[in-house]
Amino acid sequence: MADARPYDLVIIGAGPGGYVAGIRAAQLGLKACVVEKDKPGGVCLNWGCIPSKNLIHQANLVLSGKQLAHIGVQVETSMLDYGKVYEKSRQAAGRLLKGVKGLLQKNGVDLIQDTARIAARNKLVLSDGTGIEGKKILIATGSRPLALPGFAFDEERVLSSTGLLSLKTLPKSLAILGAGAIGCEFAYVMNAFGVQVTLVEMADHILPFEDEETVSVLAASFRRKGITVLTGTRAVSLERSDRQVTIALEASGGEKTTLIAEKALCVFGRTPNTDGIGLDSISLKTESGYIPVGDYNETSVPGVFAVGDVVATPLLAHVASREGQVAVEYMAGCNPPRRVDVNAIPSAIYCEPQVASFGLREAQAKASGIPFKKAVFPYRGTGKAVAVEQPDGMVKVLVDADTDEILGAHIVGADATEMIHEMLLAKTAELLPQDIAGMIHAHPTLSESLQECMRAAGGQPIHM
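Residues numbered from 1 in each chain as written. Predicted model: local features only at pLDDT ≥ 70, side-chain atom pairs only at ≥ 80, totals over all residues. Heavy atoms only, no water.

A word on the overall build of the chain
In step 1: Within the chain, the secondary structure is distributed over 13 helices and 22 strands.
In step 2: Relative to its length of 464 residues, the chain is compact, with a C-alpha radius of gyration of 24 Å against a globular reference of 23 Å.
In step 3: C-alpha extents for the chain along the principal axes are approximately 70 × 60 × 45 Å.
In step 4: Taking as baseline every contact in the chain between residues at least 6 positions apart, the subset at least 24 positions apart corresponds to 64%. (Helix = DSSP H or I, 4+ residues; strand = E, 2+ residues; numbered from the N terminus. Rg over C-alpha atoms; globule rule 2.2 N^0.38 Å. Contact = heavy atoms within 4.5 Å.)

Put into structure tokens, the structure is as follows:
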């Protein structure tokens with residue numbers, strides 16, 4: 001074996017958790033190395049967040065063109081070349097890929113594009129047997145689409161999210177099994193490009209981890225757009241042929257139906273990439289595939305840390321990045337940072353209307369027994385929303401009935417994923433609803449709906 005090279009920190013995986021951890025380590029004076037078997041940026045940048053948001057942007061352009069008919073402008077979309085749409089999404093990912101490589105280089109973080117396996121608590125081994133030593137190891141290997149028995153991906157008829165992002169031609173019809181964030185975003189995109197979409201969800205409402213009242217606005221919008229939404233419905237089996245897929249469905253009431261589509265997108269969730277990376281060599285056991293961690297994301301093996309999708313926290317890029325920073329700051333001896341507060345993690349779904357939230361949902365608040373009150377303000381009560389013809393939406397806040405502490409906020413509507421952060425900043429700064437209610441908001445802006453919602457929490461809305 002070649003001589004091992006010493007580092008303060010060696011990181012497996014260059015996704016949002018790994019590359020951010022590497023850069024933060026360098027800023028704190030640690031010599032860091034990131035090993036990535038594929039492309040820096042991970043799934044998020046290359047086959048997830050970034051290309052999918054580019055597709056959503058292009059879908060918005062198509063829909064905007066159609067809306068010009070209201071003022072007498074006809075836009076012809078029958079000549080749409082989806083291959084060029086695909087190319088644009090790859091260009092966006094490619095530009096950011098170069099950016100991540102540049103940031104690692106700028107900060108003096110070594111990038112090794114190879115597979116790595118943990119050989120000891122302070123050593124990785126590359127595919128050619130080269131050893132890399134590090135005082136600390138950080139595991140940030142991410143996750144992959146979850147495949148269930150009977151619904152295996154062939155990326156021809158039965159697609160994973162990666163398979164759908166790889167399409168260069170559109171199917172005429174698409175069955176989407178799973179109406180979480182990924183399913184809803186792709187339902188919106190495919191529908192905008194003229195695909196007949198059926199969205200199937202086993203829970204009783206789409207986006208089952210979001211507030212039910214809020215997502216009802218999105219479900220209604222989907223149905224108006226022509227998307228068939230089947231909730232409380234389970235996919236029992238799937239058969240594929242050269243031309244189509246045939247899916248057996250069963251509703252919660254026992255009714256059985258059959259769904260036929262040209263392709264199926266299965267988005268049942270994701271599974272952590274913890275197999276085959278050498279956890280056994282350091283006696284590090286997983287729980288349901290996830291790596292248990294304690295304070296500051298350190299595992300049961302001293303000096304070995306894990307962040308992102310390999311730990312049982314929300315599988316979100318921004319969570320992985322923050323966990324990476326927290327772990328590295330702890331390693332560097334900074335004043336111990338606060339652990340990630342699960343009640344202060346923003347959720348963002350980017351279809352139109354957008355959905356964003358943090359903290360408790362109403363159902364959770366009721367189940368917790370916490371005395372709470374809620375306030376809801378509709379987008380249509382805001383001048384900007386009406387002026388720009390985007391009145392569908394609402395802002396909803398839950399506050400402690402005794403202390404007025406903000407327990408959770410939920411927004412559905414235009415720019416919801418941007419506006420949620422004012423509410424989140426208020427919570428993290430321990431502000432009260434009256435603090436936002438009393439702050440002057442520019443008129444006309446969509447953010448006035450946040451102010452009005454907080455006024456409503458105090459029983460004094462002006463525009464409702």
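Resuming the write-up.
Here's the deal with the sheet that holds strand β14 (residues 256-261)
In step 1: Sheet architecture is open: three strands sit in the order β12-β13-β14, paired in antiparallel fashion. In this open sheet, the two edge strands, each paired with only one partner strand, are β12 (233-240) and β14. Pairwise comparison of adjacent strand axes, ignoring direction, gives a mean angle of 25 degrees for this sheet. (Pairing = 2+ DSSP bridges. Axes fitted to C-alpha atoms, helices over the stretch in contact; angles between N-to-C directions.)

Details of the layout of surface pockets
In step 1: Of the pockets and cavities examined, the second largest pocket occupies roughly 760 Å³.
In step 2: With five residues, the top contributor of residues to the lining of the second largest pocket is helix α3 (residues 49-67).
In step 3: Tallied by class, residues from the lining of the second largest pocket come to eight nonpolar, seven polar and seven charged. (1 Å grid on protein atoms, 1.4 Å probe; cavity = no way out; pocket = protein on both sides within 12 Å on 5 of 7 lines; lining within 4 Å. Points joined across faces, edges and corners; volume = space filled by probe spheres on them. Nonpolar A, V, L, I, M, F, W, Y, C, P; charged D, E, K, R; others polar.)

Notes on the sheet that holds strand β18 (residues 347-349)
Backbone-to-backbone hydrogen bonds join strands into a sheet, with any given pair of strands oriented parallel or antiparallel.
In step 1: Ordered by their spatial adjacency, five strands build an open sheet running β18-β19-β22-β21-β20, and the pairing between neighbours is antiparallel. In this open sheet, the two strands that pair with only one neighbour each are β18 and β20 (372-378). Across the sheet, the axes of successive neighbouring strands diverge by a mean angle of 10 degrees, strand direction being ignored.
In step 2: Bridge analysis of β20 against strand β21 (residues 394-400) gives seven bridges, and the strand direction is antiparallel.

Structural notes on the side chain of E352
In step 1: As for its placement among the helices and strands, E352 is situated in the loop between β18 and β19 (354-359).
In step 2: For E352, the residues in contact, after removing those within four places along its chain, are N60, Y188, L218, S221, K225 and A414.

A few points about the pairing of strand β22 (residues 406-413)
In step 1: In terms of residue burial, β22 counts as a mostly covered element, since eight of its eight residues are buried.
In step 2: Pairing geometry for β19 and β22, over six bridges, is antiparallel. Bridge pairing in β22 places A356 opposite I411.
In step 3: Relative to β22, β21 runs antiparallel, the two sharing six bridges. Residue pairing for β22: K396 is matched across the bridge by H410.
In step 4: Hairpin connection from β21 to β22: five residues lie between these consecutive antiparallel strands, with D404 at a positive phi of about 70 degrees. (Buried < 20%, exposed > 50% of the residue type's maximum accessible area, 1.4 Å probe, protein only.)

What about the pairing of strand β5 (residues 123-126)?
In step 1: Direction of pairing for strand β4 (residues 116-120) relative to β5: antiparallel, over a ladder of four bridges. Bridging across to β5, I118 finds its partner in L124.
In step 2: Counting the residues in the hairpin turn of β4 and β5 gives two residues.
In step 3: Direction of pairing for β5 relative to strand β6 (residues 131-139): antiparallel, over a ladder of three bridges. By the bridge assignment, L124 is partnered in β6 with I132.
In step 4: Connecting β5 to the antiparallel partner β6 that follows it, the hairpin turn spans four residues, and G129 within it adopts a positive phi of roughly 90 degrees.

A word on the nonpolar core
In step 1: I176, C184, L199, I206 and F222 are the most contacted members of the largest nonpolar core, which has 41 residues in total.
In step 2: At the level of secondary structure, the elements contributing two or more residues to this core comprise α3, α4 (82-106), α5 (161-165), β9 (173-177), α6 (181-192), β10 (196-200) and α7 (212-225).
In step 3: Contact partners of F222, with chain neighbours within four places excluded, come to C184, A187, Y188, L199, I206, I227, V229 and C351.
In step 4: Among the nonpolar cores identified, the runner-up in size contains 28 residues, and F358, F377, V399 and I436 belong to it. (Core = buried A, V, L, I, M, F, W, Y, C linked by side-chain atoms within 4.5 Å.)

Examining α3
In step 1: For α3, which comprises 19 residues, the first-to-last C-alpha distance of 27 Å matches the rise-based estimate of 27 Å (1.5 Å per residue) to within 8%.
In step 2: Each element contacted by the buried residues of α3 is listed here: α2 (42-47), α4, α5 and α6. (Expected span 1.5 Å × (residues − 1).)

Regarding the environment of A365
In step 1: Counting through the fold element by element, A365 comes out in helix α9 (residues 362-368).
In step 2: The exposure class of A365 is buried, given its relative accessible area of 1%.
In step 3: Discounting residues that sit within four places of it in the chain, A365 has contacts with L360, I370, F372 and L398.

Describing the packing of helix α11 (residues 416-428) against helix α13 (residues 448-457)
In step 1: Closest axis-to-axis distance for the α11/α13 pair is 10 Å, and the angle between their directions is 40 degrees. Here α11 is positioned oblique relative to α13, judged by the angle of their axes. Relative to α13, the crossing made by α11 is right-handed. Contacts between α11 and α13 pair M419, E422 and M423 from the former with S449, L450 and M454 from the latter.
In step 2: Residue composition of the contact of α11 with α13, grouped by class: four nonpolar, one polar and one charged. (Parallel < 35°, antiparallel > 145°, perpendicular 65-115°, else oblique. Left-handed = near helix turned anticlockwise from the far one by under 90°.)

Observations concerning the pattern of salt bridges
In step 1: Under the counting rule described, the total for this entry stands at 19 salt bridges.
In step 2: Between K396 and D211 there is a salt bridge, and its shortest N-O distance comes to 2.9 Å. On the criterion of sequence distance, the pair formed by K396 in strand β21 and D211 in the loop between β10 and α7 is long-range, its members being 185 residues apart.
In step 3: Ionic pairing is found between E362 and K374, a salt bridge with its closest N-O pair at 3.2 Å. One end of the pair, E362, is in helix α9; the other, K374, is in strand β20, and twelve residues separate them in sequence.
In step 4: E362 sits in the buried class, given a relative accessible area of 12%. (Salt bridge = Lys/Arg side-chain N within 4 Å of Asp/Glu carboxyl O.)

What to know about the packing of aromatic side chains
In step 1: The final tally for this structure, using the stated rule, is four aromatic pairs.
In step 2: When the centroid spacing of 5.4 Å and the interplanar angle of 75 degrees are considered together, the rings of Y82 and F193 count as edge-to-face. Here F193 lies in the loop between α6 and β10 and Y82 lies in helix α4, a separation of 111 residues in the sequence.
In step 3: Three or more aromatic residues joined by ring pairs form one cluster here, namely Y296, F305 and Y330.
In step 4: Cation over ring: R90 sits above W47, and NZ or CZ is 3.8 Å from the ring centre. (Phe/Tyr/Trp six-rings, centres within 6.5 Å; stacked < 30°, edge-to-face > 60°. Lys NZ or Arg CZ within 6 Å of the ring centre and 35° of its normal.)

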